[in-house]
Amino acid sequence: MAADHSKIIYTLTDEAPYLATHSFLPIVRTFTQAAGIEVVESDISVAHRILGEFSDFLSPEQKVSNTLAELGKKTLEADANIIKLPNISASQNQLLAAIKELRGKGFMVPEFPENPQTEDEKKLRQRYAKIIGSAVNPVLREGNSDRRAPRAVKEFARKHPHTMAEWSPASRTHVSHMTHGDFYHGEKSMTLDQARDVKMELITTSGKSIVLKPKTSLLAGEIIDSMFMSKKALLAFYEQQIEDARKTGMLFSLHVKATMMKVSHPIVFGHCVRMFYKEAFEKHGKLFDEIGVNVNNGMANLYDKIQSLPESKQEEIKRDLHACHEHRPELAMVDSAKGITNFHSPNDIIVDASMPAMIRQGGKMYGADGRLKEVKAVMPESTFARIYQEIINFCKWHGAFDPRTMGTVPNVGLMAQQAEEYGSHDKTFEVQEDGVANITDLATGEVLLSQNVEKGDIWRMCQVKDAAIRDWVKLAVTRARNSGMPAVFWLDPYRPHENELIKKVKTYLKDHDTSGLDIQIMSQVRAMRFTLERVARGLDTISVTGNILRDYLTDLFPIMELGTSAKMLSIVPLMAGGGMYETGAGGSAPKHVQQLVEENHLRWDSLGEYLALAVSLEDEGIKTGNEKAKILAKTLDAATGKLLENNKSPSPKTGQLDNRGSQFYLSMYWAQALAAQTEDAELAARFAPLAKKLGENEQKIVDELNAVQGKPVDIGGYYFPDRSKVEAVMRPSATFNAALEAAQG
Ligand SMILES: NC(=O)C1=CN([C@@H]2O[C@H](COP(=O)(O)OP(=O)(O)OC[C@H]3O[C@@H](n4cnc5c(N)ncnc54)[C@H](OP(=O)(O)O)[C@@H]3O)[C@@H](O)[C@H]2O)C=CC1
Ligand SMILES: O=C(O)CCC(=O)C(=O)O
Ligand SMILES: [Mg+2]
């Protein structure tokens, strides 16, 4: 393919990464132009996704296309080269706020039907369901996951270690999970002998058939699972844990992943809130139902809904809620200054980030008085919760990890084609009546898997495709070979699903040359212990895991090693041949936007973007034979290394170098590296003037960038900001802007 047809797709997302993109894209284009590469935008922000879904409600000039669907199709093409920034996986509260903002701006998308009654409302609700929770990543992730800390980043962390609180062997902090009645308990799993169409059906005790999902087409070799969480067991567990925390004087803290597990975890979360405030719910439950309170969306929803009630009633409810606290444990706070507890909103306590933060703080979270305290971390589902208890045990014995000496733990994750639990939300159901939940072959009527369930249980089917597993095993071998590190498959033979996986892993490993490689299979708790023993000795170990542990471990280890998962290289080699380059392994850090709006300081670190862009350019260079792209990649990596070496990352403090200043330094180092290289004289000549100009004006530009800080700014919205205002805020240095412009061809 001719180099001048090269295209890199760069996503526009939300919050801090969206803001950072507005200053970064003009920089990127200045450089990529020189290699004939066009950088095109694809807006997959939550606001744009709402507009795309509801274009039938918009005027012709307001209509936008469904960019997410288009981008999803692109991932299936061999020449896809996509840079994907983190996006909001919207909770219901966030969705409501986005809808309100859009309507306020004259985009009359429908109101979200919280309690759909009519057929029309039910349809609208279904359309909105496509936008809620983790709705972007599963569509785009048509490949498995390769996440690691690049050498330069790890070296930087060793030289400039982040803070790490001490761990005491006497710490009482622990994880509480269920030991029966959860998804782990009684899971059933099978590998399909042939392609089959199945239905999911509940046969009630009264003999009625309720079709949960009429048809799902499965391929030969696919692994399917059937599992459920018992409501009775869950409630008994919560009751016991709440009481245990009270008796022992521990902070009570709940950790879920309601964004990715968008059907099951809001229910799991809601049961906990209702149990905690049991007496208030017994007294006011009927009224709450009437006014549409749904604490699956957190206490924020309750406080919002009761505002429709007379003042005196509101006071009574609040009194009754407060009264519950008298015989309850103290709750962990998300923001103690603002009085926001762990129960406020399920998207405030996303387990992959919230547990590592606690571990980094020496096993403590904030109480209502703003002081750090030991915690009971409640994660009902036991399948993966056990790894956190294991790392807590290790920290108590070993003490806190030392970022200066600890080894690194990259991850190879099974993620493609909506693998495992994270792809299960269209196959997850809250059981309406006691009965048997069956997965039945449509053609033969044969029941493949069945479970006895009761009203209120959460039943689900998960699946993972054979091709995805093969590709994952191959990626693991490739990473083990290229890195020279041992690789451990974290698989538990006592869990039926993972037992099926183990059989396949053993088979597919034989397709590869594994001579000289150290590849092992261990259950999760052993794998964690083995890995941590090595980490403490400065040794590196690849974790090869399923989809949930991919998510958990790629925040856990980076947060210990690097202070944040924003500094991870995160590659998705797409199964169709293309590449998607995610930027960091974390999210969109909402409090960063708040700081920008209040103080015009953006602490967001775009390092993930720099790393992603370098591999994207390298990939483009290799696939299209574009030598200039390869040089851009190499020099960008060198510039990133220098940025770290010279400590030009954004500071969290207003008044100091922020995201914009850091981007300036990257541009300067990149231009300098290009000017200095001797492989391509044309590129060197093209970037020499920019390198010179930026070097000469370094102090002036940094002063211009820092001078604007300390005052509030207006970006014209939160979910749907005004792009021209964002651009003005994000590009405040006239000197820098002029230098970039002059360098453009
Ligand atoms: N790939 C994706 O699309 C992902 C999206 N999400 C979404 O992101 C939102 C927030 O999720 P949450 O779980 O709180 O996780 P985040 O990773 O956004 O936040 C955790 C903390 O990590 C730090 N952090 C993360 N990225 C950066 C960065 N680039 N530069 C500097 N600091 C960073 C910040 O800490 P500090 O206080 O030190 O600044 C931040 O408060 C949610 O809407 C979630 O659904 C979450 C994960 C991945
Ligand atoms: O899609 C999401 O909501 C979050 C994704 C995530 O946390 C991850 O992939 O690490
Ligand atoms: Mg994650």
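Source: prediction; values computed, not measured.

Reading the values: rules and limits
Residues numbered from 1 in each chain as written. Chains lettered and ligands numbered in written order. Predicted model: local features only at pLDDT ≥ 70, side-chain atom pairs only at ≥ 80, totals over all residues. Heavy atoms only, no water. Helix = DSSP H or I, 4+ residues; strand = E, 2+ residues; numbered from the N terminus. Contact = heavy atoms within 4.5 Å. Near = heavy atom within 4 Å. Polar contact = N/O pair within 3.5 Å; in protein donor to acceptor, adjacent residues only side chain to side chain. Areas by Shrake-Rupley, 256 points an atom, 1.4 Å probe, with all protein chains shown as cover. Donors = N, O, S within 2.8 Å, 3.2 Å for Na, K, Ca; no water. Buried < 20%, exposed > 50% of the residue type's maximum accessible area, 1.4 Å probe, protein only. Pairing = 2+ DSSP bridges. Axes fitted to C-alpha atoms, helices over the stretch in contact; angles between N-to-C directions. Nonpolar A, V, L, I, M, F, W, Y, C, P; charged D, E, K, R; others polar. Core = buried A, V, L, I, M, F, W, Y, C linked by side-chain atoms within 4.5 Å. Parallel < 35°, antiparallel > 145°, perpendicular 65-115°, else oblique. Left-handed = near helix turned anticlockwise from the far one by under 90°. Phe/Tyr/Trp six-rings, centres within 6.5 Å; stacked < 30°, edge-to-face > 60°. Arc of directions from axis to C-beta. pLDDT = per-residue confidence, 0-100. Expected span 1.5 Å × (residues − 1).

Among the structural elements, serine 382 can be located in helix 14 (residues 382-398). Ignoring sequence-local partners within four residues, the contact set of serine 382 consists of His177, Met178, Asp182 and Tyr184.

Now for the site of ligand 1. What surrounds ligand 1 is a group of 22 residues, the closest being Gly587, Ser588, Ala589, His592 and Asp605. One nitrogen or oxygen atom from the side chain of lysine 84 is found 3.3 Å from an oxygen atom belonging to ligand 1. A distance of 3.0 Å separates an oxygen atom of ligand 1 from a polar atom in the backbone of asparagine 87. Isolated, ligand 1 exposes 880 Å² of accessible area, and the fraction of that covered by the protein chains is 78%. If one sorts the elements of the shell around ligand 1 by residue count, helix 19 (residues 590-599) sits on top with three residues.

The next point concerns the coordination of the magnesium ion (ligand 3). The coordination sphere of the magnesium ion (ligand 3) contains the protein donors Asp352 (OD) and Asp551 (OD), at a distance range of 2.0 to 2.1 Å. With aspartate 352 in helix 13 (residues 351-360) and aspartate 551 in helix 18 (residues 547-562), this pair connects stretches of sequence that are 199 residues apart. Both residues of the pair, aspartate 352 and aspartate 551, count as buried.

Here the focus is the side chain of serine 606. Looking at the secondary structure, you find serine 606 in the loop between helix 19 and helix 20 (607-624). Using a relative accessible area of 1% as the deciding quantity, one classes serine 606 as buried. Not counting the four nearest positions on each side in its chain, serine 606 is found in contact with Ala20, Asn659 and Gln663.

The four strands lie next to each other as 8-7-17-18, forming an open sheet whose pairing is antiparallel. Each of the sheet's edge strands pairs with one partner strand only, and the pair in question is strand 8 (209-218) and strand 18 (447-453). Taken over all neighbouring pairs, the strand axes of this sheet differ in orientation by 15 degrees on average, direction set aside.

What surrounds ligand 2 is the set Ser89, Ser134, Asn137, Arg141, Arg147, Lys257, Met260, Asp352, Arg550, Asp551 and Ala585. Within the side chain of serine 134, a nitrogen or oxygen atom sits 2.7 Å from an oxygen atom of ligand 2. Compared with its free state, where it exposes 300 Å², ligand 2 has 89% of that area covered by protein. Here the shell around ligand 2 is built from residues that sort into two nonpolar, three polar and six charged.

Time to look at the nonpolar core. In terms of nonpolar packing, the biggest core is built from 74 residues, with Leu19, Phe31, Leu617, Phe664 and Trp670 touching the most fellow members. With nine residues, the top contributor of residues to this core is helix 1 (residues 15-32). In contact with leucine 617, other than residues within four places in its own chain, are Ile8, Thr32, Ile37, Ala629, Leu632, Ala633, Leu636 and Trp670. Counting residues in hydrophobic clusters, the runner-up holds 42 residues, among them Met227, Phe237, Val256 and Phe276.

For the rest of this paragraph, the subject is the packing of helix 15 (residues 466-483) against helix 16 (residues 496-509). Working note: a packed helix pair is described by the angle between its axes plus the distance between those axes. In contact at an axis separation of 10 Å, helix 15 and helix 16 are set at 55 degrees when each is read in the N-to-C sense. The angle between the axes of helix 15 and helix 16 places the two elements in the oblique class. Helix 16 is crossed by helix 15, and the crossing has right-handed handedness. Together, Asp466, Ile469, Arg470, Trp472, Val473 and Val477 of helix 15 and Leu501, Lys504, Val505, Tyr508 and Leu509 of helix 16 make up the contact between the two elements. A per-class count over the contact of helix 15 with helix 16 returns eight nonpolar, no polar and three charged.

One pass over the full model with this rule turns up 25 aromatic pairs. On the basis of an interplanar angle of 65 degrees and a centroid distance of 5.5 Å, the ring pair of phenylalanine 112 and tyrosine 128 is categorised as edge-to-face. Of the two residues, phenylalanine 112 sits in the loop between helix 4 (92-104) and helix 5 (119-129) while tyrosine 128 sits in helix 5, which places them 16 residues apart along the sequence. As far as the burial class goes, phenylalanine 112 and tyrosine 128 line up, both buried. Plain terms: the ring middles of tryptophan 472 and phenylalanine 489 are 5.2 Å apart, the flat faces sit at 85 degrees to each other, and that makes the pair edge-to-face. Here tryptophan 472 is found in helix 15, whereas its partner phenylalanine 489 is found in strand 20 (residues 487-490), with 17 residues between them in sequence. One exposure class covers both tryptophan 472 and phenylalanine 489, and it is buried.

Moving on to helix 7 (residues 151-159). Residues that lie three or four places apart on an α-helix share one face, since the helix turns once every 3.6 residues. Within helix 7 the residues assigned to the buried category are Val153, Lys154, Phe156 and Ala157. Looking straight down helix 7, one finds that the buried residues subtend no more than 160 degrees of arc, so they occupy a single side. For helix 7, exposure combined with an orientation more than 90 degrees from the buried face picks out Arg151 and Lys159. Buried residues along helix 7 sit against helix 18, helix 20 and helix 21 (627-645).

As a further point, take the confidence of the model for the protein chain. Within the protein chain, residue pLDDT values average 96, and 99% of them lie at 70 or more. In the predicted complex, the global pTM is 0.96; the interface-specific ipTM is 0.97.

Moving on: the sheet that holds strand 9 (residues 223-229). Ordered by their spatial adjacency, four strands build an open sheet running 6-9-19-16, and the pairing between neighbours is antiparallel. Of all the strands in the sheet, just strand 6 (188-191) and strand 16 (428-430) have a single pairing partner and so form its edges. The mean angle between the axes of side-by-side strands here comes to 10 degrees, regardless of whether they run parallel or antiparallel. Relative to strand 19 (residues 458-464), strand 16 is paired through three bridges, and the arrangement is antiparallel. Residue pairing across strands places threonine 428 opposite arginine 460, the latter belonging to strand 19. Contacting strand 6, strand 9 and strand 19, helix 16 crosses the sheet at an angle of about 25 degrees to strand 6.

This part covers helix 12 (residues 311-325). The end-to-end C-alpha distance of helix 12 is 22 Å, a good match for the 21 Å that 15 residues give at a rise of 1.5 Å each. Three or more residues of helix 12 are buried, namely Gln314, Ile317, Asp320, Leu321 and Cys324. Angular distribution of buried residues about the axis of helix 12 spans 130 degrees; they occupy a single face of the element. Opposite the buried face of helix 12, by more than 90 degrees, sit the exposed residues Glu311, Ser312 and Arg319.

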